[in-house]
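Working through the structure, step by step
Listed below are the residues making up each chain.
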Amino acid sequence: MKKYNAPCIFGLIGIVAGTNHQALAQQKIPTPKPNVIYLYADDLGFGDISCNGSKTIQTPNIDRLAKQGVRFTNMHSTAATSTPSRYALLTGEYAWRREGTGIATGDAGSIIRPERYTLANVFKDAGYQIAAVGKWHLGLGDKTGTQDWNGHISPGPSDLGFSYSFIMAATGDRVPCVYVENEKIVNLDSNDPISVSYLKNFEGEPTGKDNPELLKMHPSHGHDMSIVNGISRIGFMKGGKSALWKDEEIAEVLTGKAIDFIRRSKNIPFFLYFATQDIHVPRVPHPRFAGKSGMGPRGDAILEFDWSVGQVLDVLKELNLDMNTIVILTSDNGPVVDDGYKDQAIELLGSHKPAGVFRGGKYSSYEGGTRVPGILSWPSKVKPAISDKLVCQVDMLASFAGLLNITIPKGAAPDSENQLSTWLNNGGKGREYLILQNTNNNLSIEDGHWKLIAAGKGPAVGKETNIEYGNSATDQLYDLSGDPAEKNNLYKEYPQIVQKLKSKLDLVKTKVH
Ligand code: NG6
Ligand code: CA
């Protein structure tokens, strides 16, 4: 794909959006410094939580958070899939500017290079303890396919500013199916070394394709390679038996690690990046949640995610940290119903609308792809509210640098704006415009109430996911104020708006210092 280099897009954004980083430096740092928890669900849709209007599922803990904070109705991830979204969040740079930021394999090398300034670095510079717990999906080790899974797998989160990490290397549906703590696989027996390949199977190892009789959950598309816990995955692995995760326990294990970190850090400011496996496939919630939603494993996984949120909120309260902790809850991309396993998600969906009123879902240029749940709570400073301002995860970096009075090195975080006053609902007007990326790397621009989906290659509808990806040979223009569901393509009626937005998109893509 074409890459757009913009060493100093930062300057452009400064001018266009009117942010002034000098002024931010004058800002008063709150004392004591607030703790920050970023609760990052996977594939959770706008309509998957009851505080966003769902009547078909109840998420009392998420609702509790929303009630005590700002609930955003126009929060976006930058991309409609995980790796590019997470890349943009942690670097403050749109992923489409960089080669190799598409959905990562489980043996991808570290996509964010150690020299890069990250969101974790902001907190490090401010003297915080910083943890990454959960799904990583940004590569580990120096080069793809060459990691020493049995040794220290570096670079990893500790090279990117994190002081502690307990992660899944990629996703639940990709090998290796193990936890990695501070760059070492947990519980690995040196007599049973682990091997990983995304090229070919290891001799004698069963696969979902050849041995469906060994499966407890069958793939609907893809996911027919190595079998771990009766579930076939993407990629091949061998060995490491004692280290393999149990899918039913993932939420409990990760939530436990997040809580341990909070307890350990209770006397020092901390930043916790808690990226759950829920509600990504394979959806295998703990038996406590199985069957509880009436919607099958996808609904049950939402209940499990809500439980994790509740656990975090409870421990904050118990430790008396609740008033001065900023909790942000969001998702890496929009929802998908069938993402590759026969888990009854389609059959049991009923009238539930995972993306709410929005069109499309995960992978899509339509709003369902990136308009995700968004809540920020900071009880001692921010009053409960609902905000319809345009906000985006890419702004975490500059916004928190602003809050903590940290100077971002020149050239770093080029697409991140200090939107703190919007996030804290303190007079900010939100982003003037935002660029979004779908699974085919086609871009859209939202500017005020207008949205242009630029013409691009790719299927109109995902063959297997049955989601409208928004790809079209012609441009599409929608007026989100009157048509949030993007039903009426107005590109013929408003050629001047189309032209204006296209020029703006081009400028963001190509502008150099
Ligand atoms: C796709 C997978 C899907 C999911 C996605 C990444 C197949 C057929 N589909 O390629 O199941 O893993 O990648 O999801 O393999 S994400 O939320 O991490 O971006
Ligand atoms: Ca995702």
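Above this text you will find the structure in question.
Here's what I pulled together on the structure shown here.

Each value, and the rule that gives it
Residues numbered from 1 in each chain as written. Chains lettered and ligands numbered in written order. Predicted model: local features only at pLDDT ≥ 70, side-chain atom pairs only at ≥ 80, totals over all residues. Heavy atoms only, no water. Core = buried A, V, L, I, M, F, W, Y, C linked by side-chain atoms within 4.5 Å. Buried < 20%, exposed > 50% of the residue type's maximum accessible area, 1.4 Å probe, protein only. Helix = DSSP H or I, 4+ residues; strand = E, 2+ residues; numbered from the N terminus. Contact = heavy atoms within 4.5 Å. Donors = N, O, S within 2.8 Å, 3.2 Å for Na, K, Ca; no water. Tetrahedral: all angles 85-135°; square planar, octahedral: opposite > 155°, others 65-115°. Phe/Tyr/Trp six-rings, centres within 6.5 Å; stacked < 30°, edge-to-face > 60°. Axes fitted to C-alpha atoms, helices over the stretch in contact; angles between N-to-C directions. Parallel < 35°, antiparallel > 145°, perpendicular 65-115°, else oblique. Salt bridge = Lys/Arg side-chain N within 4 Å of Asp/Glu carboxyl O. Pairing = 2+ DSSP bridges. 1 Å grid on protein atoms, 1.4 Å probe; cavity = no way out; pocket = protein on both sides within 12 Å on 5 of 7 lines; lining within 4 Å. Points joined across faces, edges and corners; volume = space filled by probe spheres on them. Nonpolar A, V, L, I, M, F, W, Y, C, P; charged D, E, K, R; others polar. Near = heavy atom within 4 Å. Polar contact = N/O pair within 3.5 Å; in protein donor to acceptor, adjacent residues only side chain to side chain. Areas by Shrake-Rupley, 256 points an atom, 1.4 Å probe, with all protein chains shown as cover. Expected span 1.5 Å × (residues − 1). Arc of directions from axis to C-beta.

1. Re the nonpolar core
It is characteristic of soluble globular proteins that their nonpolar side chains tend to be buried jointly. Of all hydrophobic cores here, the largest spans 112 residues; its most connected members are Ile 262, Phe 271, Leu 272 and Tyr 273. If you tally residues by element for this core, the top one is helix α7 (residues 297–318), at nine residues. Ignoring sequence-local partners within four residues, the contact set of Phe 271 consists of Val 36, Tyr 38, Leu 119, Phe 123, Tyr 128, Gln 129, Ile 130, Ala 131, Phe 261 and Met 396. If you look at the next biggest cluster of nonpolar residues, it comprises 21 residues, including Val 394, Tyr 433, Leu 436 and Leu 443.

2. Structural notes on the coordination of the calcium ion (ligand 2)
Within the protein, the calcium ion (ligand 2) binds to Asp 42 (OD), Asp 43 (OD), Asp 332 (OD), Asp 332 (OD) and Asn 333 (OD1); these donor distances fall in the range 2.2 to 2.7 Å. If you look at the calcium ion (ligand 2), its six donor atoms make angles of 52 to 174 degrees with each other, and the shape they trace is irregular. Taken in chain order, the donor set of the calcium ion (ligand 2) reads D-D-x288-D-N. Here Asp 42 matches Asp 43 in class, with each residue buried.

3. Some points on the packing of aromatic side chains
One pass over the structure, following the stated rule, counts 18 aromatic pairs. Look at Tyr 164 and Phe 261: their rings are 6.5 Å apart centre to centre, the planes differ by 5 degrees, and that puts the pair in the stacked class. Separated by 97 residues along the polypeptide, Tyr 164 in strand β5 (residues 164–168) and Phe 261 in helix α6 (residues 250–264) bring together distant segments of the chain. Summarising the burial analysis for this pair, Tyr 164 and Phe 261 share the class buried.

4. Observations concerning the packing of helix α3 (residues 60–67) against α7
Viewed as axis vectors pointing N to C, α3 and α7 meet at an angle of 50 degrees, and their least axial separation amounts to 7 Å. Here α3 lies oblique to α7, going by the angle between them. Every residue of α7 that contacts α3 at Pro 60, Asn 61, Ile 62, Arg 64 and Leu 65 is listed here: Phe 305, Asp 306, Trp 307, Val 309, Gly 310, Leu 313 and Asp 314.

5. Overview of the pattern of salt bridges
Summed over all chains, the structure comprises 30 salt bridges. Between Arg 98 and Glu 93 there is a salt bridge whose closest N-O contact spans 3.0 Å. Relative accessible area serves as the criterion here: at 33%, Arg 98 is assigned to the partly exposed category. The closest approach of N and O atoms between Asp 388 and Lys 389, which form a salt bridge, is 4.0 Å. Connected through salt bridges with shared partners, the residues Glu 367, Arg 371, Glu 446, Lys 451 and Glu 486 form a single ionic network.

6. Observations concerning the sheet that holds strand β19 (residues 450–453)
Spatial ordering of the open sheet is given by β17-β18-β19-β20, a layout of four strands whose pairing is antiparallel. Bordering the open sheet on either side are β17 (433–437) and β20 (476–479), each of which pairs with just one other strand. Neighbour to neighbour, the strand axes of the sheet diverge by 15 degrees on average, direction disregarded.

7. Remarks on the layout of surface pockets
Considered as a void within the structure, the largest pocket measures approximately 420 Å³ in volume. In this structure, the largest pocket is lined by 19 residues; those nearest its centre are Val 337, Pro 354, Gly 360, Asn 466 and Ile 467. Classifying every residue of the lining of the largest pocket gives nine nonpolar, six polar and four charged. Approximately 340 Å³ is the volume found for the second largest pocket. Lining the second largest pocket we find 17 residues, and of these Trp 378, Leu 403, Leu 420, Leu 424 and Asn 426 sit closest to its centre.

8. What to know about the site of ligand 1
In the vicinity of ligand 1 lie 20 residues, with Ser 82, Asp 173, Arg 174, Asp 339 and Lys 362 positioned nearest. The side chain of Lys 362 places a nitrogen or oxygen atom 2.8 Å from an oxygen atom of ligand 1. If ligand 1 stood free it would expose 450 Å²; the protein chains cover 85% of that surface. Per-class residue counts for the shell around ligand 1 are four nonpolar, eight polar and eight charged.

9. Looking at the sheet that holds β5
Across a sheet, paired strands are connected by hydrogen bonds in the backbone, their directions being either parallel or antiparallel. Reading across the sheet, the ten strands line up as β7-β6-β5-β4-β12-β1-β13-β14-β2-β15 and stay open at both edges, with mixed pairing between neighbours. Edge positions in the sheet fall to β7 (184–185) and β15 (385–387), since each has one partner strand and no second. Pairing of β5 with strand β6 (residues 179–181) involves three bridges; the strand directions are antiparallel. The residue of β6 that forms the bridge with Phe 166 is Glu 181. The sheet strands contacting α3 are β2 (70–72), β13 (325–331) and β14 (374–377), and the helix crosses β14 at an angle near 60 degrees. Across the sheet, helix α9 (residues 396–403) lies against β1 (35–41), β12 (270–275) and β13, angled at about 175 degrees from β13, the strand it touches most.

10. Quick notes on α6
Here α6 spans 21 Å end to end across 15 residues, near enough to the 21 Å set by a 1.5 Å rise per residue. Within the span of α6, buried status applies to Ile 250, Ala 251, Leu 254, Thr 255, Ala 258, Ile 259, Phe 261 and Ile 262. One side of α6 holds all its buried residues, which, seen down the axis, span an arc of 155 degrees. Looking at the buried residues of α6, the elements they touch are β1, β4 (129–135), β5, β6, β12 and α7.

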